[in-house]
Structure formats: C-alpha cells, structure tokens
Amino acid sequence: MRNSTSAANNLHDHEITTIHERQLQLRPEFKKVFHVKIQKRKKLFQHLFYFLFRLAAFINFAALAIIIYFILSNGLNAITWEFLTKPPVDSMTRGGILPCIIGTVCLSICSVSVAFPVGVFSAIYLNEYAKQGFVLRVIRLCINNLAGVPSVVYGLFGLAFFVIYLEMGVSIIAGALTLGIMTFPVVIGSTEEALKAVPDTYREASTGLGATKLQTILRVVLPTALPGILTGGILGISRAAGETAPVMFTAAVFFSPKLPSGIFSEIMILPYHIYVLATAGTEIEATRELQYGTALVLITLVLSMNLIAIIYRAKLRKKTKI
Amino acid sequence: MDKKLKIRSKNLNFYYSQFKALHDISLDFYENQATALIGPSGCGKSTFLRCLNRMNDLITGIRVEGSILIDGKNIYDPSIDVVSLRGRVGMVFQKPNPFPKTIFENVAYGLKIKGIKDKNLIAEYVEKSLRAGALWDEVKDRLNNTALGLSGGQQQRLCIARALAVNPDVLLMDEPCSALDPIATQKIEELIHDLKKSYTIIIVTHNMQQAARTSDITAFFYMGKLIEAGKTDTIFTNPALKTTEDYITGRFG
Ligand SMILES: Nc1ncnc2c1ncn2[C@@H]1O[C@H](COP(=O)(O)OP(=O)(O)OP(=O)(O)O)[C@@H](O)[C@H]1O
Ligand SMILES: [Mg+2]
C-alpha cells in the first residue's frame, strides 16, 4: 500500500518535471509572438482608458468653467450697487433684486433649520439605536424614496398640505417646511455616513469608562462626526437655495414690493425671479442682462455659503483629526 | 498569603447567538493580584474578559448563563446598574484607542461623565492618573495637544491613565502590549507591577514571558473551556495537564 502510493507520487513528480521542461523550451517563441501581442494590446487599453478617465474629468471641469464664464460675461454688467440694494421697478424691467436676495437667504436658513435637526436626529436613531430588522429596512426604503421624488411634486404637496390644509398661506414657513422635507434625505445620508466613519473603538472606550449611551453619543460620537455632519448641512443649504419648483407654489411670489417681515410673509427668491424674467415677463429680451445678473448673484451666494462652511469644517477637522 | 476574594465566576456559559463560546467557567480572582489569561487564538479569552464588565452587552444576540460575583454581588443580576459597574471595572483594549481629543480631555473624560465639574479637582485627578499611568513626565508640557499625536506606547499608557482616572477596583487588559515595541511593552509591564498594589488586574496575553513576568495567577483557556488555573510559577514550571504544558512550551497543534 505504502509503496504503491509513493510510486504514484514519483510518477507524478516525473510528469511534472517533463511538462515544466517542455514549457521552458517553448518560452522563447511565446515571447516573440504571443507575448508581444498581449503586451501591445495591454498598453493600448491602458492608454485608451487613461485618456477616457482624463477626458471625463476634463469635461467636468470644462462644464463648470463654461457656465461661470457664460454667466459672468453676460451678467457682470448688470451688477451695480443699485442692483444689489434696490427692489425691482417698472414691471421688473429695471431696478434691483434686493428682495430676492433677502428672500433666498431667509428661506435657506429656515429650511435648513427644519431639515438639519430632524435629519441629524433620524440619522442618530438609525445608526446608533435602531436594531437591524424589518422596521429599519422600511424606514430606509422611505428615505430613499423621499430622495427620489421630483421636486415639483414636493411643490404640489407643499401647496396642498402646508399652504392650504394647514392654512399657512404662501409664506416662508410653508416653503421652508416643503424644502426641509426635500433636503432631509440629503442630511440623513451624509450624517449617517459621518457616524459610520466614527470608529467603534471610540464607542467601546467610552462605554468602558462608564458612560451611558447618550453620553457616548453626545461627547464622543457627535463631536468626531461633526465635520461630516456639517457637509450634510452645506449640501442641504445649497440645494434649498437653488430650488424653484418646490417653492414657487409655497413661498415665492412673482413680485412683492415689501421685504419679508416674519415667517408668514411671502417672499421673492432668486431662482424663481430668474424663471419669471425669462419666461413670463413682458420684456424677455430686454431683461436678459438682469436675468444673468440675478443668476450670477445666486451662484455667488451658494458658492460663498459653501465656502464658509468648508473652511469651518476644515478647521474642525484639524482639531479632531480622524 | 491570604488574599481577599474580589471576583468569582461561577459556572459561566456564554453564547454568541447559537455559538457557545464559553463552557462552564469557574474561576476566582483576588485583590491586589494580577491574573493572566492565556490560550490559543479564538479560545474565548477576550469573551471572558468582556463578560467581567459586561462589554459583551453591546453585541446583539448574546446570552449568559451562570454568574459572576464582584464583591459578592452578581453583576448579571437584573438590579445591577451596568453603567456604574463599568466605572468600577475599567478596561484597556488591545489597540490603543484614545479619543480624538486633547491628552487632558482624554483623561478628564471619565470624570466629566461622572458629573464632576470642579476644574481644580479634575486637573488634580488628571495629573494623579497620568502619574499612575507613568506618562506624566512625558506629556506634562503638552496636555492640550491632541492625544493622537502620541506614540503607540504613550497612547496605550494614556488609555491606562484614562481608565485609572475613574478610580476602578478592577482593571481588565486585553493584550495591552500587542501593538507595542519591546521598550513600550516593558514600561507597561512595570506599570502593571505597580498597579497591582492597588488594583485587581486581569490581563490577556499571547506572550508567555509576559504572563510569567506580570502575573501571580495564570489561567489557561482552550476551546472555550478553562483547562487549568493556578499560581503562575506552578503553571509554568510544573503544569498538571499535558495540554497546558504543550501550549506553554509552544508544542501546540
Ligand atoms: N461578536 C462575535 N460574534 C460571534 N462570535 C464571536 C464574536 N466574537 C468572538 N466570537 C467567537 O468566539 C470565540 C472566542 O473569541 P474570543 O475573541 O474570545 O477569542 P480570544 O481568545 O480572545 O482570541 P484572540 O487571542 O485571537 O484574541 C471565537 O471562536 C470567535 O470566533
Ligand atoms: Mg482576544
């Protein structure tokens, strides 16, 4: 028994050697024909994909550059002190956009103060407390679907629910609540992301020192996740500031000579103002410059809000440094 | 040499869902002694250690049978306050895990969650704990720097100091030196030696020399069972069982 196995082993060994030798002999030819071909194809693919990736990245950059150039070159002439500090006059064919700027800022701040706490609290619940299971899956499904609803649907919902049913009228609060619901999945998403990035070892360390779950969350998890959570806030603000559809039925009006006086005021906002000038005005062509000027202000506003938050976030990150 | 009984594990069984990780563990720990838990990877040392301050409670689907008495009280009794238990039974983890806060804030953390507000008192405790953790001299000039800037060995001593700050009776250490170089390891071993005077210490280690150097009692685990426990000298020179001898001498498998 033993002998025969070892004999078989020997035979096996022998075969292996011969195959090996044969391969070695063939090698040079392989190299010449086959190998070179493969090498060439590999190289070609390398170059091709490298080029594609680079092109895609470049298109990205080019798109932003073109947009900014286009808006700057068309709208820069419209930007005057008067444009920034006066309300529109003469059926909005002249004058400024002050009410729109103030309206947009108010609306963004209000909608983030709705979406941010609710979003952060939900994310904490989902990530730190909820047990994996059916209920959690249903909640997640709802959030994902909420993120997929077209913005004009939010507008109609806001009109029906906040403006009419809850009798808020067309007002900042109705618009802020509508926008809040819309940006809420964005905030949840980035907050959860940030909470997941907090290593479990921090939670263990805190628990091991005799901290309650709430203390652990408030004193260790949230401070560590704060930079990431703020990103959610930033995304929320930018989204809210630029939206038209959800607010045109709920908060924004065509024209309002007064500045907003409280959360129940109706307001003018930048994106809707552009929309009105470009489609429904009496002098669409004559107000082109005003349209681009307004767009320029809107973009500047959104970008500078982002910038402030990004700088703040970078500062925080330096302090906690994970 | 009459030592006072501190912890008594009685017929402890532990399950991760269906998987039985600990089988009928009965083991005593005495005050002012260091006990080393040794055994091959996966034998349940960490699981057992984490039973002693109920850290396993964080994992879903676990089940515990039997009892663990600390100062005569069963810590698995429903009436026990788990949070204050963890204050009495401190833990140091395998990987140093300081919070992304300053050195001072790390040590002060346990005090603050206890509700201590007096700034002077906190500063006093922080200094005392850092001294006890043999780290004070190295960090006293940079208490407000982030703890993540410390070396691995310093971080681990910071974690020990942080655990000491809440003034526990028992200190659990799960392979505290496995991520450290020999010099840092030696520092921590010396520290364990000092800490023994005031704490009950239980240390998991894969390093036989370390177990021999630091502990008074050694317990050998194998496949979720406690195989043999006794005076460290005896276990290392004259173990009662063949399995223990094989493991200690490295003839395992
Ligand atoms: N969270 C968990 N869920 C399920 N099984 C687990 C879990 N943690 C550990 N186990 C299992 O329990 C057994 C004991 O694990 P434990 O971590 O206690 O081993 P250990 O002795 O500490 O090993 P090591 O020396 O590698 O750290 C192992 O078989 C492990 O796979
Ligand atoms: Mg372990």
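What counts, and where the lines are drawn
Residues numbered from 1 in each chain as written. Chains lettered and ligands numbered in written order. Predicted model: local features only at pLDDT ≥ 70, side-chain atom pairs only at ≥ 80, totals over all residues. Heavy atoms only, no water. Near = heavy atom within 4 Å. Polar contact = N/O pair within 3.5 Å; in protein donor to acceptor, adjacent residues only side chain to side chain. Areas by Shrake-Rupley, 256 points an atom, 1.4 Å probe, with all protein chains shown as cover. Helix = DSSP H or I, 4+ residues; strand = E, 2+ residues; numbered from the N terminus. Nonpolar A, V, L, I, M, F, W, Y, C, P; charged D, E, K, R; others polar. Expected span 1.5 Å × (residues − 1). Bend = angle between axes of the 7 residues up to and from the residue. Buried < 20%, exposed > 50% of the residue type's maximum accessible area, 1.4 Å probe, protein only. Contact = heavy atoms within 4.5 Å. Disulfide = S-S within 2.5 Å. Phe/Tyr/Trp six-rings, centres within 6.5 Å; stacked < 30°, edge-to-face > 60°. Salt bridge = Lys/Arg side-chain N within 4 Å of Asp/Glu carboxyl O. Pairing = 2+ DSSP bridges. Domains from an automatic or database assignment. Buried area = accessible area lost by both parts, 1.4 Å probe.

Draft legend 1. Geometry of the site of ligand 1. Residues and elements named next belong to chain B. Within the structure, ligand 1 sits among 13 residues, and Ser41, Gly42, Ser46, Thr47 and His206 are positioned closest to it. Within the side chain of Lys45, a nitrogen or oxygen atom sits 2.8 Å from an oxygen atom of ligand 1. In the model, an oxygen atom of ligand 1 is placed 2.4 Å from a nitrogen or oxygen of the Thr47 side chain. Against a free-state accessible area of 630 Å², the protein chains account for coverage of 63% of ligand 1. Broken down by element, the residue count for the shell around ligand 1 peaks at three residues, all from helix α1 (residues 45-51). For the shell around ligand 1, the per-class residue count stands at five nonpolar, six polar and two charged.

Draft legend 2. Focus on helix α6 (residues 172-196) of chain A. Residues and elements named next belong to chain A. In a regular helix each residue adds 1.5 Å, so 25 residues correspond to 36 Å; α6 covers 34 Å between its end C-alpha atoms and thus fits that length. Maximal helix bending in α6 amounts to about 40°, located at Thr183; proline Pro185 follows within four positions. Within α6, 19 of the 25 residues are buried, leaving the element largely enclosed by the surrounding structure.

Draft legend 3. Main features of the environment of A:Tyr154. Residue and element names in this part refer to chain A. Note that Tyr154 resides in helix α5 (residues 151-165). Considered as a pair, Tyr154 and Ala205 are 51 residues apart in the sequence and their alpha carbons are 43 Å apart. Tyr154 has contacts with Leu146, Ala147, Val149, Thr178, Ile181, Met182 and Pro246, leaving out every residue within four places of it along the chain. There is a polar contact of 2.3 Å between the side chain of Tyr154 and the backbone oxygen of Leu146.

Draft legend 4. Quick look at the state of the cysteines. Residues and elements named next belong to chain B. This model, assessed by the stated rule, comprises zero disulfides over all chains. Note on Cys177: no disulfide assigned, nearest cysteine sulfur contributed by Cys159 at a separation of 12 Å. Accessibility expressed as a relative area gives 7% for Cys177, which makes it buried.

Draft legend 5. Geometry of the packing of aromatic side chains. Residues and elements named next belong to chain A. The final tally for this structure, using the stated rule, is 16 aromatic pairs over all chains. Arranged with centres 5.9 Å apart and planes meeting at 80°, the rings of Phe70 and Tyr292 form a pair that is edge-to-face. Here the residue Phe70 occupies a position in helix α1 (residues 2-75), and Tyr292 occupies one in helix α11 (residues 288-320), the gap between them amounting to 222 residues. Residue Phe70 is classed as partly exposed on the basis of its relative accessible area, which comes to 45%.

Draft legend 6. Fine view of the pattern of salt bridges. Residue and element names in this part refer to chain B. Under the defined criterion, the tally for this structure stands at 21 salt bridges over all chains. In this structure, Lys112 engages Glu105 in a salt bridge whose closest nitrogen and oxygen atoms are separated by 3.1 Å. Overall, the relative accessible area of 26% leaves Lys112 in the partly exposed class. Glu105 sits in the partly exposed class, given a relative accessible area of 28%.

Draft legend 7. Region of interest: the pairing of strand β2 (residues 19-30) of chain B. Of the pairings in the sheet, the one linking strand β1 (residues 5-16) of chain B to β2(B) comprises eight bridges and is antiparallel in character. Among the inter-strand pairings, B:Leu12 is bridged to a residue of β2(B), identified as B:Ile25.

Draft legend 8. Examining the domain arrangement of chain A more closely. All names here are of chain A. Along its sequence, chain A is organised into domain 1 (2-76) and domain 2 (79-321). Counting from both sides, the interface comprises seven residues of domain 1 and, opposite them, seven residues of domain 2. Three residues stand out in domain 1 for area buried against domain 2, namely Ile71, Asn74 and Gly75, and they jointly supply 62% of the buried area on that side. Put simply, domain 1 and domain 2 have zero salt bridges between them. Linking domain 1 with domain 2 are one residue pair in polar contact (both at pLDDT 80 or more), by the criterion used here. Grouping the amino acids of the side of domain 1 that touches domain 2 by side-chain chemistry returns five nonpolar, two polar and no charged.

Draft legend 9. A look at α5(A). Residues and elements named next belong to chain A. Under the 1.5 Å per step criterion, the end-to-end length of α5 is 20 Å for 15 residues, consistent within 8% with the ideal 21 Å. Along α5, the positions that sit buried rather than exposed are Tyr154, Gly155, Gly158, Phe162 and Val163. Here the buried face of α5 lies against α4 (134-148), α6 and α9 (245-248). Immediately downstream of α5, the backbone of Glu167 shows phi near 55°, a positive value.

Draft legend 10. Expanded view of unusual backbone geometry. Residues and elements named next belong to chain B. Of note, Asp24 is a non-glycine position whose phi angle comes to about 50°, a positive value. As for its placement among the helices and strands, Asp24 is situated in strand β2. With phi around 50°, Met223 is a residue other than glycine that occupies positive phi space. Looking at the element boundaries, Met223 is found in the loop between β9 (217-222) and β10 (225-231).

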